[in-house]
Amino acid sequence: MKEVVFSSPFFGISISIFAFAIGTVINKKTKIALLNPLLISYVIIIAFMVIFDIPLEWYNNGGDFINLFLTPATAVLALTIYRQRDLIKKNFITITIATFVGSLTSIISVVALCKLFALSDTLTYSLIPKSITTPMAIAVSSSLGGIQSITVLTVIITGISGNILAPLLIKLFKVDDPLVQGVALGTSSHAIGTSKAVELGEIQGAVSSVSLTFTGIITVVLSLFVTYFI
Amino acid sequence: MKILIQIAIVFSLCLAGEAISTLIPFPVPASIIALILLLILLLTGVIKVDHIKEKSDFLLSNMAFFFVPAGVKVIEHFDTVKSVWLAIVVIGIVTTVIVFLATALTVKLILKVTGGKK
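Within every chain, residues take consecutive numbers counted from 1 along the sequence as written. Written order determines the labels here, with chains lettered from A and ligands numbered from 1. Reporting in this predicted model follows two pLDDT cut-offs: at least 70 for local features of residues, and 80 or more for side-chain atom pairs to be given and counted; totals over whole chains, interfaces and linings ignore these cut-offs and use all residues. Side-chain descriptors were evaluated using all non-hydrogen atoms of the structure, hydrogens and water having been removed beforehand.

### Thoughts on the overall build of chain B
For clarity, the threshold we go by: Where helices and strands are cited, they refer to DSSP runs of H or I of at least four residues and of E of at least two residues respectively, numbered from the N terminus. In this description the radius of gyration comes from C-alpha coordinates, and the expected globular size is given by 2.2 Å times residues to the power 0.38. Burial status follows relative accessibility: with a 1.4 Å probe on protein chains alone, a residue under 20% of its type maximum counts as buried, one over 50% as exposed, and anything between as partly exposed. Each accessible area value is a Shrake-Rupley result obtained with a 1.4 Å probe; residue values ignore everything except the protein chains displayed when judging cover. Here the positive residues are Lys and Arg and the negative ones are Asp and Glu; neither His nor the chain ends is included. A charged residue contributes its charge at one atom only: NZ of Lys, CZ of Arg, CG of Asp or CD of Glu.
Helix and strand content of chain B: five helices and zero strands. The order of helices and strands in chain B, counted from the N terminus, is α-α-α-α-α. The C-alpha atoms of chain B give 20 Å as radius of gyration, which overshoots the globular expectation for 118 residues (13 Å, by more than 25%). Along the first, second and third principal axes, the C-alpha set of chain B runs to 50 × 50 × 35 Å. Classification of the 118 residues of chain B by burial places 46% in the buried group. Accessible surface computed for chain B: about 6100 Å², of which carbon and sulfur atoms make up 73%. Measuring between centres, the 10 positive side-chain charges of chain B sit 13 Å from its 6 negative side-chain charges.

Rendered as structure tokens:
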């Protein structure tokens, strides 16, 4: 009985939607950035699975269905880029330089902090591509000799922290310009950060989409040289 | 029917993205290839905004939601990093803040030097 109910795809889909809806309401009511809809969803779903002893595979039956939508959701970012094409064209060089600086900063700061925490080289390699979207990050990680699952973990942590912290950083450091917000979000926290950029506004969404693409490509290229300076 | 056609257009582009992604020797994900394809089709006028508007707006306005399962799945990886998970979480958060600020500062500096964007 328990397996029939909880291993149905409808379980994973329903609990995900309800958890996210609850998260969205709490976030809107409290207006506290740290009470992020995604973060609340994870707490609700994981707590539910622990309390009722539901294995991850059962949840994934529905979760995989939602996951499938990540590809089209990323693809239609093209529409926001298209709507803001004049702004993007005008700032193309600015975005290129900034994403290059961001990608380089990401790699250097990861390597430095890994040294500080005395992590192994394998772990360092796994963390290097943390700022780029999952499939690209996995490719970089495995070509360097990292561990895939750790890379996936850090990519998600990065995206979520960008999504949650961006509104705070914007307020704290008075980052008012939508162009600046967009580049910073897309470069620092890939598609999950971009979903926050889309919420902030169309300019932010468009610029963030372009930035996440550039950052991915630049990081793949930079990773070829990484072994020289570790 | 309109929405069904829009879904078919977007999903076909994703399919093309997946096909191209396996063909090219660089690790570019299907979603990014589909994004570039769609952008080219929009810029060349092959696809009009009206052809995909409702479906796209649905996906974009709910974008964060689609990351829910990806985050839940992360719990299976926690086992592999038992001893160092705290370091990984800290590094993940701190470097994200550093990159965000470094990038924002770079854009601000460029805009200041070149004298605005508009």
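### Concerning the UniProt feature "transmembrane region" (unreviewed entry) in chain A
All names here are of chain A. Spelled out, the test is: UniProt positions are given in the numbering used here, feature names are shortened, and annotations may be inferred rather than shown by experiment.
Residues annotated in UniProt with the feature "transmembrane region" (unreviewed entry) correspond here to residues 6-26, 38-59, 65-82, 94-118, 138-165 and 206-229. In residues 65-82, the share of helix is 83% and the share of strand is 0%. The end C-alpha atoms are 28 Å apart. Along residues 94-118 one finds 92% helix and 0% strand; the C-alpha atoms at either end are 36 Å apart.

### Concerning the interface of chain B and chain A
Basically, it comes down to this: By the convention used here, residues are in contact when the closest approach between their heavy atoms is within 4.5 Å. Put simply, buried area is how much 1.4 Å-probe accessible surface two parts lose in total, over both of them, once they are put together. Each reported salt bridge corresponds to a side-chain nitrogen of Lys or Arg within 4 Å of a carboxyl oxygen of Asp or Glu. Polar contacts, as used here, are pairs of N or O atoms within 3.5 Å; protein pairs need one atom able to donate a hydrogen and one able to accept it. Residues neighboring in sequence count only if both atoms are side-chain atoms.
In this complex, chain B contributes 67 residues to the contact, which on the side of chain A involves 90 residues. A combined buried area of about 7200 Å² lies between chain B and chain A, and 85% of that area is made up of carbon and sulfur atoms. Here B:D57 and A:R83 are joined by a salt bridge, their closest N and O atoms 3.7 Å apart. Scanning the region where chain B abuts chain A turns up five residue pairs in polar contact (both at pLDDT 80 or more). For the side of chain B that touches chain A, the secondary structure elements donating two or more residues are α1 (2-23), α2 (30-43), α3 (49-61), α4 (68-73) and α5 (85-114) of chain B.

### Observations concerning the packing of helix α12 (residues 178-200) of chain A against helix α13 (residues 202-223) of chain A
Residues and elements named next belong to chain A. As a reminder, the rule being used: The axes used here are C-alpha line fits, helices contributing only the stretch in contact, and every angle between their N-to-C directions lies in the interval 0 to 180 degrees. Here the angle decides the label: under 35 degrees means roughly parallel, over 145 means roughly antiparallel, 65 to 115 means roughly perpendicular, and every other value means oblique. Put simply, Ala, Val, Leu, Ile, Met, Phe, Trp, Tyr, Cys and Pro go in the nonpolar bin, Asp, Glu, Lys and Arg in the charged bin, and everything else, Gly too, in the polar bin.
At their nearest, the axes of α12 and α13 sit 6 Å apart, and the two run at 75 degrees to each other. The angle between α12 and α13 falls in the class roughly perpendicular. Tallied by class, residues from the contact of α12 with α13 come to 11 nonpolar, 12 polar and no charged.

### Observations regarding the domain arrangement of chain B
The cut-off we apply is this: An automatic or database domain assignment is the source of the domain bounds shown.
Domain annotation of chain B identifies domain 1 (1-61) and domain 2 (67-118). When each unit is reduced to the centre of its C-alpha atoms, the spacing between domain 1 of chain B and domain 2 of chain B is 27 Å.

### Considerations on the side chain of A:S41
If you trace the backbone, A:S41 turns up in helix α3 (residues 37-51). Since its relative accessible area comes to 0%, A:S41 is described here as buried. In this structure A:S41 touches A:A19, A:F20 and B:V68, once residues within four positions along its chain are discounted.

### Brief notes about the domain arrangement of chain A
Residues and elements named next belong to chain A. When its domains are assigned, chain A resolves into domain 1 (2-68) and domain 2 (87-229). The distance between the C-alpha centroids of domain 1 and domain 2 comes to 26 Å. With six residues of domain 1 in contact, the opposing surface of domain 2 contributes six residues. Carbon and sulfur atoms supply 77% of the area that domain 1 and domain 2 bury against each other, a total of about 540 Å² over both sides. By the criterion of area lost to domain 2, the three top residues of domain 1 are A33, N36 and L38, representing 59% of everything that side buries. Counting every contact that joins domain 1 to domain 2 gives zero salt bridges. One can count one residue pair in polar contact (both at pLDDT 80 or more) joining domain 1 with domain 2. Of the residues that constitute the side of domain 1 that touches domain 2, the class distribution is five nonpolar, one polar and no charged.

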